[in-house]
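Structural overview
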Amino acid sequence: MAVENETPITVTSPLLPDPDDLNKLLKEIWATKWITNNGKFHEQLENALCKYLKVPYISLFTNGTLPLLTALQALRVSGEVITTPYSFVATTHSIWWNGLKPVFVDIDPSNCGLDPDRIEAAITPRTTAIMPVHCYGKPCDGARIQQIADKYGLPIIYDAAHAFGVEVEGQSILNWGNLSTLSFHATKVYNTAEGGALVMHDESMKKRIDYLKNFGFESETEVVAPGINGKMDEIRAAIGLLNLQHVDTCIEARHQVAIRYREALRSVPGIRFFDDMPGVKHNYSYFPIFVNAEEYGMTRDELYAKLKSHGILGRRYFYPLISQFDTYRALPSAAPENLPNATRIANEVICLPMHHLLSDSDLNRIIDLVASPQTA
Ligand SMILES: *Cc1c(COP(=O)(O)O)cnc(C)c1O
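Small disclaimer: the values here were computed from a predicted structure and weren't measured.

What counts, and at which threshold
- Residues numbered from 1 in each chain as written.
- Predicted model: local features only at pLDDT ≥ 70, side-chain atom pairs only at ≥ 80, totals over all residues.
- Heavy atoms only, no water.
- Patch = residues over 30% accessible without salt bridge, like charges linked within 9 Å, V, L, I, M, F, W, Y side chains within 5 Å.
- Areas by Shrake-Rupley, 256 points an atom, 1.4 Å probe, with all protein chains shown as cover.
- Salt bridge = Lys/Arg side-chain N within 4 Å of Asp/Glu carboxyl O.
- Helix = DSSP H or I, 4+ residues; strand = E, 2+ residues; numbered from the N terminus.
- 1 Å grid on protein atoms, 1.4 Å probe; cavity = no way out; pocket = protein on both sides within 12 Å on 5 of 7 lines; lining within 4 Å.
- Points joined across faces, edges and corners; volume = space filled by probe spheres on them.
- Nonpolar A, V, L, I, M, F, W, Y, C, P; charged D, E, K, R; others polar.
- Buried < 20%, exposed > 50% of the residue type's maximum accessible area, 1.4 Å probe, protein only.
- Polar contact = N/O pair within 3.5 Å; in protein donor to acceptor, adjacent residues only side chain to side chain.
- Contact = heavy atoms within 4.5 Å.
- Near = heavy atom within 4 Å.
- Sits in = over half its atoms within 2 Å of the grid points.
- Core = buried A, V, L, I, M, F, W, Y, C linked by side-chain atoms within 4.5 Å.
- Pairing = 2+ DSSP bridges.
- Right-handed = clockwise from strand over helix to strand, strands pointing away.

Moving on: a nonpolar patch on the surface. A contiguous nonpolar patch, built from Phe215, Phe217 and Val223 and spanning about 270 Å² of accessible area, is present on the exposed surface. Its place among the elements puts Phe215 in the loop between helix 7 (203–212) and helix 8 (234–265).

This is the structure in structure tokens:
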């Protein structure tokens, strides 16, 4: 029973540059006719992002999935890769597309990232990498995951698609592990319409990744690696340069939304959510709530449907688990008994609308419904 006169509230809304500002940059592109392959805006955006994100080297991509594929190629990973079932499908697909076997390990409910206590038991002689996700932009237990990786000599590729700008004690978490990937998809905190990046520690890796994302070309006639086409074009780089000027304002607006949600929902029985972590600069990319059906008096799916009937389009990130999709469910590590926390949380989660344009009246509508499970 859709309610009339209520415009739908979507889970997110893209940060968009002023079209007049964009037009100025488009005119520059048109004048030079240089629209892709390491153009001026591409170079400017790489430099600006290194500075903004506090990382030494970055390589831009045309989306956030190619950096995952390319990272596994760059590190010449083979065999099995330990990863989380609680993520967007691209994480596991990138392992599969490299001809590798994903091995799912359960998550820690306190941050929805890989549970370090369960990683070692999943390591076999065929394990060659660990691919954790900073889910919702909440930092994984990076120190302990690194300890395990060091003990077994395994590289770590962080899927940091949610972690744009996240810092711990003033340091970017994108510098953790061997490589970190970013997505600049329209639904993310910072976007270039479609886009992404790989963050690396040194110049030689930057060079290797830059070859790999351009078919492996080192020069006009030399191909030094079996590369792919992952290049970001000038138009997206221009959008990225403009959006970067506004992303801090956008994140602060999201922060205010998080404050409102927390104040309003803290006393609601059966609703759990995350608070800020001490020493962490968050990006407020998502606002997941976890519904305990018994205490709340309504299941997650009932709440999801109720919100939808009132035009509030929450999303069940991440449900179903990646390990439950047909491609992966036959893997031994995909068994729900192996993934009790992920299985439970996937059945409890709804991401409430979270973006920079939510108004007070939008927030009131959402909060009133979530805070009163007894009303239809
Ligand atoms: C969005 C996302 C991706 C993929 O990024 P695209 O830019 O859509 O290709 C990968 N991993 C996670 C965790 C994501 O949320």
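Turning our eyes to something else, we now look at empty space enclosed by the protein. Inspection of the entire model under this criterion finds 2 cavities of 30 Å³ or more. In this structure, the largest cavity encloses a volume near 150 Å³. Lining the largest cavity are 14 residues, with Tyr136, Lys138, Arg262, His282 and Tyr286 sitting closest to its centre. Its residues assigned to classes, the lining of the largest cavity comprises 6 nonpolar, 4 polar and 4 charged. Of the voids in this model, the second largest cavity is the one considered here, and its volume is about 40 Å³. Counted by class, the lining of the second largest cavity contains 6 nonpolar, 4 polar and 1 charged residues.

One can find Thr83 in strand 3 (residues 80–83). On the basis of relative accessibility, which here comes to 0%, the residue Thr83 falls in the buried class. A polar atom in the side chain of Thr83 sits 2.9 Å from the backbone oxygen of Met131. When neighbours within four sequence positions are excluded, Thr83 is seen to be in contact with Thr91, Thr92, Ile95, Pro102, Val103, Phe104, Val105, Leu114 and Met131.

Let us now look at the site of the ligand. In the region of the ligand, 14 residues are neighbours, and Gly64, Thr65, Asp159, Ser183 and Lys188 sit closest. Gly64 places a polar main-chain atom, nitrogen or oxygen, 2.7 Å from an oxygen atom of the ligand. Here a nitrogen atom of the ligand sits 2.7 Å away from a polar atom, N or O, in the side chain of Asp159. Burial of the ligand by the protein chains amounts to 92% of its free accessible area of 380 Å². A molecule is said to occupy a pocket when more than half its atoms come within 2 Å of that pocket's grid points, and by this definition the ligand occupies the largest pocket. Of the residues assigned to the shell around the ligand, the class counts are 3 nonpolar, 9 polar and 2 charged.

Buried within helix 7 we find Met205, Lys206, Ile209, Tyr211 and Leu212. Those residues of helix 7 hidden inside the fold are in contact with helix 2 (40–53), strand 2 (57–61), helix 3 (66–74), strand 11 (179–183) and strand 12 (196–200).

Applying the stated criterion across every chain yields a total of 20 salt bridges. In this structure, the salt-bridge partner of Arg126 is Glu80, at a minimum N-O distance of 3.0 Å. Placement of Arg126 in the loop between helix 5 (116–119) and strand 7 (127–131) and of Glu80 in strand 3 is noted, with a sequence separation of 46 residues between them. Judged by relative accessible area, which is 5%, Glu80 ranks as buried. Across the salt bridge formed by Lys213 and Asp210, the nearest N and O atoms sit 3.7 Å from each other. For Asp210, a relative accessible area of 24% puts it in the partly exposed group. Counted as one network, the salt bridges with shared partners bring together Glu46, Lys206, Asp210 and Lys213.

Now for the side chain of Thr62. One can find Thr62 in the loop between strand 2 and helix 3. Not counting chain neighbours up to four residues away, the residues in contact with Thr62 comprise Glu194, Gly195, Gly196, Gly230, Lys231, Met232 and Arg236.

Membership of the largest hydrophobic core comes to 64 residues, with the highest contact counts inside it found for Leu49, Phe164, Tyr261, Ile289 and Leu352. Excluding residues within four positions of it along the chain, Leu352 makes contact with Val11, Tyr261, Leu265, Phe287, Ile289, Leu307, Ile366 and Val370. By size, the runner-up hydrophobic cluster in this structure holds 23 residues, among which are Phe104, Ile107, Phe274 and Val349.

Below, the discussion takes up the pairing of strand 3. The alternating pattern of strand 3 places Glu80 and Ile82 and Val81 and Thr83 on opposite faces, both of which are buried. Looking at chain direction, strand 3 and strand 4 (residues 101–104) are connected through 4 bridges and run parallel. Bridge assignment links Glu80 to a residue of strand 4, and that residue is Lys101. In the classification by handedness, the crossover that spans strand 3, the intervening helix 4 (residues 90–97) and the parallel strand 4 is right-handed.

Treat this as a map of the structure, not an account of what it does.
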